[in-house]
Amino acid sequence: MQRYIVILLVLTILFALFIHDSSIKYLVLNIKQTTVAKQKPIAKVISPTPVEVALIPFTPTPAARPIVAVVHSASAESGDAVVNFIMSAINNYRAQVGKSPVTTNAATCSFARTRAQEVAQNFNHDGFNSRVAAKTIPYGNFSYITENIARNSDYKNVVDAWIASPKHAENMRADTPFVCVEYSSNYYVYEGLKP
């Protein structure tokens, strides 16, 4: 346990040196209907070009990053306070706009954990986009999927920033009954799924 705390402290200091605390950057996915020739639509998936929205001026991160990323492997089911706060804020927003609450499931949380590791090393939607293109999203069959990512030094501001961004807010309002949020340091990943 002490070893984990020391590693976490060292990584926090290293991330603080490389990441400007007030920076925030988001990438948003455009969802489009795709079809296979002469078949009904098989799924709504992202377009090949994500849209970038800067809500607060973004300072580029130096290329050098710590090699080890600490991923907080904690879904809302495990009792993690950060994830519980974010999931609660998402459901509060959904209630305000007349939408039903979302719940986590093993598939979305597993994929969100994987994406949190990837996003902490390379802040973009490439891992998501490439899996969509290769049809290797780990959900099996799905009809609609979404992803939001964020970098923020305070987890309590993540959902408010997504709400302030029309495309992120649209993803949170989407008909995806299964959602999971995972994080690694100051990086947050939202995965939404409609089977």
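The structure this text deals with has already been given above.
This is a predicted model, so every value here is computed, not measured. (Residues numbered from 1 in each chain as written. Predicted model: local features only at pLDDT ≥ 70, side-chain atom pairs only at ≥ 80, totals over all residues. Heavy atoms only, no water.)

(A) Local environment of the overall build of the protein. The helix and strand tally for the protein stands at 6 helices and 8 strands. In sequence order, the protein lays out its α and β elements as α-β-β-β-β-β-α-α-α-β-α-α-β-β. The buried share of the protein, taken over its 195 residues, is 45%. Long-range pairs, those at least 24 residues apart, make up 72% of the contacts in the protein with a sequence separation of at least 6. If you sum the accessible surface of the protein, you get close to 9900 Å²; carbon and sulfur atoms cover 58% of it. (Helix = DSSP H or I, 4+ residues; strand = E, 2+ residues; numbered from the N terminus. Buried < 20%, exposed > 50% of the residue type's maximum accessible area, 1.4 Å probe, protein only. Contact = heavy atoms within 4.5 Å. Areas by Shrake-Rupley, 256 points an atom, 1.4 Å probe, with all protein chains shown as cover.)

(B) Main features of the packing of aromatic side chains. Here the structure, examined in full by the defined rule, presents 6 aromatic pairs. Look at F123 and Y187: their rings are 5.7 Å apart centre to centre, the planes differ by 55°, and that puts the pair in the tilted class. Taken together, the positions of F123 in the loop between α3 (106–121) and α4 (126–134) and Y187 in strand β8 (residues 187–194) put the pair 64 residues apart, joining distant regions of the chain. By relative accessible area, F123 is classed as buried at 8%. Residue class for Y187 comes out buried when judged on its relative accessible area of 0%. Taking the centre distance of 5.8 Å and the plane angle of 25° together, the rings of Y183 and Y188 count as stacked. Taken as a pair, Y183 and Y188 share a single burial class, namely buried. Three or more aromatic residues joined by ring pairs make a cluster, and in this case those are F111, F128 and Y139. (Phe/Tyr/Trp six-rings, centres within 6.5 Å; stacked < 30°, edge-to-face > 60°.)

(C) Focus on the packing of α3 against α4. Here α3 crosses α4 at 130°, and the two axes come no closer than 9 Å. The pairing of α3 with α4 is recorded here as oblique in orientation. Across from F111, T114, R115 and E118 in α3, the residues of α4 making contact are G127, F128 and R131. (Axes fitted to C-alpha atoms, helices over the stretch in contact; angles between N-to-C directions. Parallel < 35°, antiparallel > 145°, perpendicular 65-115°, else oblique.)

(D) Region of the structure containing the pairing of β8. The buried fraction of β8 is high, at 7 of 8 residues. The pairing of strand β6 (residues 144–151) with β8 spans 8 bridges and is classified as antiparallel. Across the sheet, residue T146 finds its bridge partner in β8, namely G192. Judged from the 7 bridges that link them, strand β7 (residues 178–184) and β8 form a sheet pairing that is antiparallel. (Pairing = 2+ DSSP bridges.)

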